[in-house]
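# Chain and residue survey
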Amino acid sequence: ELAAVAVTPAKLDEVAGAYQVDEKTLRTFTREGDKLFMQRGDRPKSEVVAYGADRFFMPNTLVHMEFVRDASGKVNAVTFHQNDSAQTSPRVAAN
């Protein structure tokens, strides 16, 4: 089981943004106060919780994700892990 760790709002802002899942679908991460939420397309948004640097999970699920940084340290993608599969989505917009 993954354990939550504290993350500053500034760190959440670094990962907030829109990520392209496929040609029609975006996965959007938004910060509200000291919490991060994820929304895929028109689905309801869900809170995601940090368990490490650039690593988050959805409570009560087996879903977890890792944000990917480029050589300059800017977040440029997110890799979404679920059911032994991984999908990387490029960042297309920052919040």
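Use the structure listed above.
Structure report, in brief. Bear in mind that the values here come from a model prediction, so they are computed numbers and not experimental data.

### Side note on the overall build of the chain
Counting secondary structure elements, the chain contains 1 helix and 8 strands. Along the chain, helices (α) and strands (β) appear in the sequence α-β-β-β-β-β-β-β-β when read from the amino end. A globule of 95 residues ought to have a C-alpha radius of gyration of about 12 Å, and the chain, at 12 Å, matches this closely. In the chain, the share of contacts with a sequence separation of at least 24, taken over all contacts with a separation of at least 6, comes to 33%. Of the roughly 5800 Å² of accessible surface on the chain, 49% is carried by carbon and sulfur atoms. For the chain, the distance from the average site of its 12 positive side-chain charges to the average site of its 13 negative ones is 3 Å.

### Details of the nonpolar core
In a soluble, globular protein the nonpolar side chains are often hidden away together inside. Formed by 16 residues in total, the largest nonpolar core has its most connected members in Phe29, Val48, Phe56, Met65 and Phe67. Elements with a minimum of two residues in this core: helix 1 (9-15), strand 3 (35-40), strand 4 (46-52), strand 6 (64-69) and strand 7 (75-82). Element by element, the count of residues in this core is highest for strand 7, at 3 residues. Each residue touching Phe67, except ones within four places of it in the same chain, is listed here: Val15, Tyr19, Phe29, Asp54, Phe56, Val75, Ala77 and Val78.

### Quick word on the sheet that holds strand 8 (residues 85-94)
Working definition: the strands of a sheet are paired by backbone hydrogen bonds and lie parallel or antiparallel to each other. With antiparallel pairing, 8 strands are arranged side by side around a closed barrel as 1-2-3-4-5-6-7-8. The average undirected angle you get between the axes of adjacent strands in this sheet is 35 degrees.

Quick notes on the rules
- Residues numbered from 1 in each chain as written.
- Predicted model: local features only at pLDDT ≥ 70, side-chain atom pairs only at ≥ 80, totals over all residues.
- Heavy atoms only, no water.
- Helix = DSSP H or I, 4+ residues; strand = E, 2+ residues; numbered from the N terminus.
- Rg over C-alpha atoms; globule rule 2.2 N^0.38 Å.
- Contact = heavy atoms within 4.5 Å.
- Areas by Shrake-Rupley, 256 points an atom, 1.4 Å probe, with all protein chains shown as cover.
- Lys, Arg positive; Asp, Glu negative; His and termini not counted.
- Charge placed at Lys NZ, Arg CZ, Asp CG, Glu CD.
- Core = buried A, V, L, I, M, F, W, Y, C linked by side-chain atoms within 4.5 Å.
- Buried < 20%, exposed > 50% of the residue type's maximum accessible area, 1.4 Å probe, protein only.
- Pairing = 2+ DSSP bridges.
- Axes fitted to C-alpha atoms, helices over the stretch in contact; angles between N-to-C directions.

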